[in-house]
Amino acid sequence: MNADASVRHMARAPEWTQRIGRSREFWLLLINAGAIILLSALRPDTFFSWLNFKAVLGLMSYDLLLALAMTTVLIVRGLDLSVGSVLALTSVVIALLLQQGFPVFPSVAGGFVVAMLCGALNGVFVAKLGILPFLVTLAMLSAARGVATVLTTGQYISFPAAPYWFSTFARSEIGITVAGGYYGIPYLLLITLTVTVLYGILLSRWVPLRQLFFVGENPEAAKLAGLRVDRLIISAYLISAAFVFLAAVLMTSANRIGYANYGITAELRALAAAVIGGASLFGGSGSVLGTFLAVLLLAFIGNGFVLLGGDPNWQQATFGAVLILAVALDAIRTRRERG
Amino acid sequence: MLLKATNITKAFHGNVVLHGVDFDVRPGEVHALIGENGAGKSTLVNILSGNLVADAGEVSFDGKRVAFTHPLDAMQAGISVVHQELSLVPNATVAENIYLRREIRTASGLNDWSAMFEAASGIFDRMGVDIDPRALVGSLSIGMQQLVEVAKAIALNARLIFMDEPTSSLSEKEIRELFAVVRELRQQGMGVVFISHKLSELFEISDRITVLRDGRLVGTRDISDVSTDDVIAMMVGRSLDELYPVRSGHRGERVLKCTGLSRFGAVRDVTFEVHAGEILGVAGLIGSGRTEAMRALVGADPRLSGQFEIDGRTVEISSPADALDAGIVYVSEDRKQSGLFLSFDVAQNVSASVLGAEATFGFLGKKPILRRALDFIDRMDIRPRSAASRAIDLSGGNQQKVLLSKALATEPRVLIVDEPTRGVDIGAKALIHRRLRELAEAGIGVVIVSSEMPEVLGMADRVIVFRDGLVTANLDNHDGSLSAERVLKAAVQ
């Protein structure tokens, strides 16, 4: 068989319909569409408006960035419980530096250094000392939040003297006119979505990031296959920290304050979204599209509770139900395949 | 007849894997069950032990018609299976494992330890082995653990024991012990069904042999009526000329020189050379330091000392990645734990070490990866012939071929293969041997680490033997005249 012919043969993928049926992203897309249709039918006036969409997507942005952070470490069979508190610490550091009168760039760079330091500590403890990621990042969760609280004594840190553009850019909008209607897209959303798309492409095609999947699927085999496993694991935690840093900058700008209580329990939402999106705690899987769709679904569920006047406390219970449902369906499917 | 199964038929998703197979076991007999991977052995054993339900066919045990729907049914009836993967709890004592969930209790309902220890001792006496029922299972060797599994079956009053590849991870000495136990059980009128790929063992231990091929019964024979060649012919449907390809006898330039390799507590001052055109066999009992030395060589584990030269150039190796850069690739003995990426497809597995090779600006091309996979599927005859099948779904032989392909994709100067054909069917074994010989002839230094004596003698042009972390012999075998005795002697004394 000549190679070209066989490439074409393979590309036809005989059971592509099956494969779509098995694809996590496909089902998440369907469920999201279902949620949109349902909410549009129930609240046609309020739900299906740009204003509402903008609110949903804007609120979703931070969760999305943290969920991407989580997805990355899950791929290497890791875990990062510290995303929420490192977010707070980074935000506090940036705000404090701005308050002290430092220009925007050094302040933000200071935040970056702190976030990366946290990521590097997580990565080194996990990769070089072989401590369970759960424990390492649990310690970081506590430590980062603690430091943030000490630095601020629990107060909001505002920075009235900071340049106007920094205090407003996350909230300001780019206006586009489509079919006579005006739509304002906040920078917050624009930046988040751009980063997501780029990361999605990189994670599926760029070799160093592809290697993360091999490390997570079988670390020992990856090592013998010549992958620099320790280095890749540390990189995953650094990437995670970079997403947290970005979320911190956006949140600090949008809210115009740094605050030690930002992102409390955010790590659990991020973990839930990543897992619903197809990442596994056993490593080796996870996708940006899946995580994005999962975050979107959780955002729609939250929005639905608000619009339908439901008790917001039920929202959290619903997240839990969605999570266990996604995981259970996965387990059933795996059983049947192995069966 | 102890067990009589007639016309057993089973299909998965419309794919028939057993076509009306007949199988029986007499009391006091060891019955070998053999066939290439995918021939239907496991399915048959699973049906007879209650793990699967047959679509058609009848089973009678001890003259009574039985229809097991659960392994517990079969166990209660007196049929037990000793699996390839042991199912013992390492942190519990031997006696606890034997009586797990069937603990002997005192009147007050507490575990009666002394009774359990005593009963376990009684079973070991019956088996003629010396194992302390109070020892932790985790502290025993794999061979001993296997015997504990057998004891567990006996404690269940089993009268028929299926042993699935029981010797695949045992040393020669442990195999002897296991065989002594099997003979003892036969003496006591039990039936033993022995599943293995190692023909020499089957000929040694069994009374009758049943061969399956493609889900059909090829035949059941008395072992005294058949030769190894007959059985191979029955298994593959044609006679295999050569399980071990002919040597060329050509010895080229030195490719690898390893000097003074030491590893804490495991390997001491190991020195050897590999030449182009030759295959170096590495023999020794399990735990003698063979695997430990090879892993230390490629930097997979830390070492105390060692210098390496490739093609006369000194190379620094502190990780498998360095080894790969230098042109040395190590293929692990355990394809599931440390070899394959099981839930990834064949294409990804084959390209795992060379993801960046054809990337532009670091971006993967899907086509080169697919092409490389199809190339190796052809070259190594990997079935099914699809780059998209997941490694976990392949048979052992095909998984091994994928594992080798992954190593060969790096285009190494030196290929070190640990147990190249463990748990692999005869067809795949012959093919792997042919390919290894071809690689040697193409000028690649090939090192084969193996516990199978026939493989070492049949493949290697030169054999080094490990004992207690030392190389105790460096034996020439370029004409295939080396005797097993000489190798064993170096390995044990």
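Coordinates for the structure precede this section.
Residues numbered from 1 in each chain as written. Chains lettered and ligands numbered in written order. Predicted model: local features only at pLDDT ≥ 70, side-chain atom pairs only at ≥ 80, totals over all residues. Heavy atoms only, no water.

(A) Broad picture of the overall build of chain B. Each helix and strand counted, chain B has 17 helices and 20 strands in total. The principal-axis extent of the C-alpha atoms belonging to chain B is close to 70 × 50 × 50 Å. Burial statistics for chain B: of 493 residues in total, 56% are counted as buried. Here the contacts in chain B between residues at least 6 apart in sequence split such that 67% fall between residues at least 24 apart. Side-chain charges in chain B split into 55 positive and 65 negative, and the spacing between the mean points of these groups amounts to 3 Å. (Helix = DSSP H or I, 4+ residues; strand = E, 2+ residues; numbered from the N terminus. Buried < 20%, exposed > 50% of the residue type's maximum accessible area, 1.4 Å probe, protein only. Contact = heavy atoms within 4.5 Å. Lys, Arg positive; Asp, Glu negative; His and termini not counted. Charge placed at Lys NZ, Arg CZ, Asp CG, Glu CD.)

(B) Region of interest: the sheet that holds strand 20 (residues 470-476) of chain B. All names here are of chain B. Taken in spatial order, the 6 strands make up an open sheet running 16-17-18-13-19-20, and their pairing is mixed. Edge positions in the sheet fall to strand 16 (328-331) and strand 20, since each of these pairs with one other strand and no more. Direction aside, neighbouring strands of the sheet carry axes that sit 20 degrees apart on average. (Pairing = 2+ DSSP bridges. Axes fitted to C-alpha atoms, helices over the stretch in contact; angles between N-to-C directions.)

(C) Representation of the sheet that holds strand 7 (residues 160-164) of chain B. Residue and element names in this part refer to chain B. Ordered by their spatial adjacency, 6 strands build an open sheet running 6-7-8-3-9-10, and the pairing between neighbours is mixed. Edge positions in the sheet fall to strand 6 (79-82) and strand 10 (216-222), since each has one partner strand and no second. The average undirected angle you get between the axes of adjacent strands in this sheet is 20 degrees. Bridge count between strand 9 (residues 208-213) and strand 10: 6 bridges; the pairing is antiparallel. Within the sheet, the bridge partner assigned to Arg213 lies in strand 10 and is Arg216. Packing of helix 8 (residues 228-236) onto the sheet brings it into contact with strand 3 (30-34), strand 9 and strand 10, and relative to strand 9 it is tilted by some 30 degrees.

(D) Focus on the nonpolar core. Counting residues in each nonpolar core, the largest one holds 206 residues, and the members touching the most others are Ile98(B), Phe124(B), Met127(B), Leu415(B) and Leu436(B). With 16 residues, the single largest contributor to this core is helix 13 (residues 229-255) of chain A. For Ile98(B), the residues in contact, after removing those within four places along its chain, are Ala120(B), Ile123(B), Phe124(B), Val148(B), Ala151(B), Lys152(B) and Ala155(B). Ranked by size, the runner-up nonpolar core spans 32 residues in total, among them Val267(B), Val270(B), Phe308(B) and Ile416(B). (Core = buried A, V, L, I, M, F, W, Y, C linked by side-chain atoms within 4.5 Å.)

(E) Here's a closer look at the side chain of Gln146(B). All names here are of chain B. Secondary-structure assignment places Gln146 in helix 5 (residues 142-155). Residue Gln146 is classed as buried on the basis of its relative accessible area, which comes to 3%. Ignoring sequence-local partners within four residues, the contact set of Gln146 consists of Val82, His83, Leu86, Pro166, Leu170 and Leu178.

(F) Region of interest: the interface of chain B and chain A. Opposite the 42 residues of chain B that make contact, chain A presents 31 residues. Of the roughly 2,900 Å² buried between chain B and chain A, counting both surfaces, carbon and sulfur atoms make up 61%. Summed over the three residues of chain B that lose the most area to chain A, namely Phe341(B), Phe344(B) and Leu364(B), the buried surface amounts to 18% of that side. Across the contact surface, chain B and chain A share 3 salt bridges. Between Asp322(B) and Arg228(A) there is a salt bridge whose closest N-O contact spans 3.1 Å. (Buried area = accessible area lost by both parts, 1.4 Å probe. Salt bridge = Lys/Arg side-chain N within 4 Å of Asp/Glu carboxyl O.)

(G) Fine view of the packing of aromatic side chains. All told, the structure shown has 19 aromatic pairs over all chains when counted by the stated rule. Residues Trp165(A) and Phe166(A) carry aromatic rings whose centres are separated by 6.1 Å and whose planes lie at 85 degrees to one another, so their mutual orientation is edge-to-face. Arranged with centres 5.2 Å apart and planes meeting at 85 degrees, the rings of Phe214(A) and Phe344(B) form a pair that is edge-to-face. Linking Phe214(A) in helix 11 (residues 207-217) with Phe344(B) in the loop between helix 11 (335-338) and helix 12 (346-351), this pair reaches from one chain into another. Each member of the pair, Phe214(A) together with Phe344(B), is buried. (Phe/Tyr/Trp six-rings, centres within 6.5 Å; stacked < 30°, edge-to-face > 60°.)

(H) Looking closely at the environment of Asn218(A). You can see Asn218(A) is positioned in the loop between helix 11 and helix 12 (219-224). A sequence separation of 82 residues divides Asn218(A) from Phe300(A), and the C-alpha atoms of the two residues are 36 Å apart. The residues contacting Asn218(A), other than those within four sequence positions of it, are Arg77(A), Lys336(B), Gln337(B), Ser338(B), Gly339(B), Leu340(B) and Phe341(B).

(I) Representation of the packing of helix 4 (residues 113-127) of chain B against helix 5 of chain B. Residues and elements named next belong to chain B. For the pair helix 4 and helix 5, interaxial distance at closest approach is 10 Å and the crossing angle is 110 degrees. By the angle class used here, helix 4 and helix 5 are roughly perpendicular. Along its contact with helix 4, which presents Ile123, Phe124, Arg126 and Met127, the element helix 5 presents Leu147, Val148, Val150, Ala151, Ile154 and Ala155. Along the lines of polarity and charge, the residues of the contact of helix 4 with helix 5 split into 9 nonpolar, no polar and 1 charged. (Parallel < 35°, antiparallel > 145°, perpendicular 65-115°, else oblique. Nonpolar A, V, L, I, M, F, W, Y, C, P; charged D, E, K, R; others polar.)

(J) Spotlight on helix 4 of chain B. Residue and element names in this part refer to chain B. Between its first and last C-alpha atoms helix 4 spans 21 Å; for 15 residues at 1.5 Å apiece the expected length is 21 Å, and the two agree. Residues of helix 4 that are buried include every one of Met116, Phe117, Ala120, Ile123, Phe124 and Met127, and no others. Each buried residue of helix 4 sits inside an arc of 125 degrees when the element is viewed along its axis, so together they form one side. In helix 4, the exposed residues that point more than 90 degrees away from the buried face are Glu118 and Asp125. Its buried side turned inward, helix 4 meets helix 3 (94-98), helix 5 and helix 6 (172-187). Once helix 4 ends, the next one or two residues include Gly128, with phi positive near 75 degrees. (Expected span 1.5 Å × (residues − 1). Arc of directions from axis to C-beta.)

(K) Up close: the pattern of salt bridges. Residues and elements named next belong to chain A. Under the defined criterion, the tally for this structure stands at 36 salt bridges over all chains. Two residues, Glu173 and Lys54, come together in a salt bridge whose shortest N-O distance is 2.8 Å. With Glu173 in strand 2 (residues 173-178) and Lys54 in helix 5 (residues 50-75), this residue pair connects regions lying 119 residues apart in the sequence. Using a relative accessible area of 35% as the deciding quantity, one classes Glu173 as partly exposed.

(L) Up close: helix 6 of chain B. All names here are of chain B. When the terminal C-alpha atoms of helix 6 are compared, their 23 Å separation across 16 residues agrees well with the 22 Å that a helix rising 1.5 Å per residue should span. What helix 6 keeps buried is the set Glu174, Ile175, Leu178, Phe179, Val181, Val182 and Leu185. The buried side chains of helix 6 occupy one side of the element, clustering within an arc of 160 degrees when seen end-on. In helix 6, the exposed positions angled more than 90 degrees off the buried face are occupied by Lys173 and Gln187. Among the structural elements, strand 3, helix 4, helix 5, strand 7, strand 8 (191-195) and helix 7 (199-205) are those in contact with the buried residues of helix 6.

(M) Representation of the pairing of strand 3 of chain B within the structure. All names here are of chain B. Among the 5 residues that make up strand 3, 5 are buried, leaving the element largely enclosed by the rest of the structure. Here strand 3 shows no split at all, with Val30, Ala32 and Ile34 on one side and His31 and Leu33 on the other all buried. Strand direction decides the pairing type here: strand 3 and strand 8, joined by 4 bridges, are parallel. Note on strand 8: the bridge partner recorded for Leu33 is Ile195. Sheet topology places strand 3 next to strand 9; 4 bridges connect them, and they run parallel.

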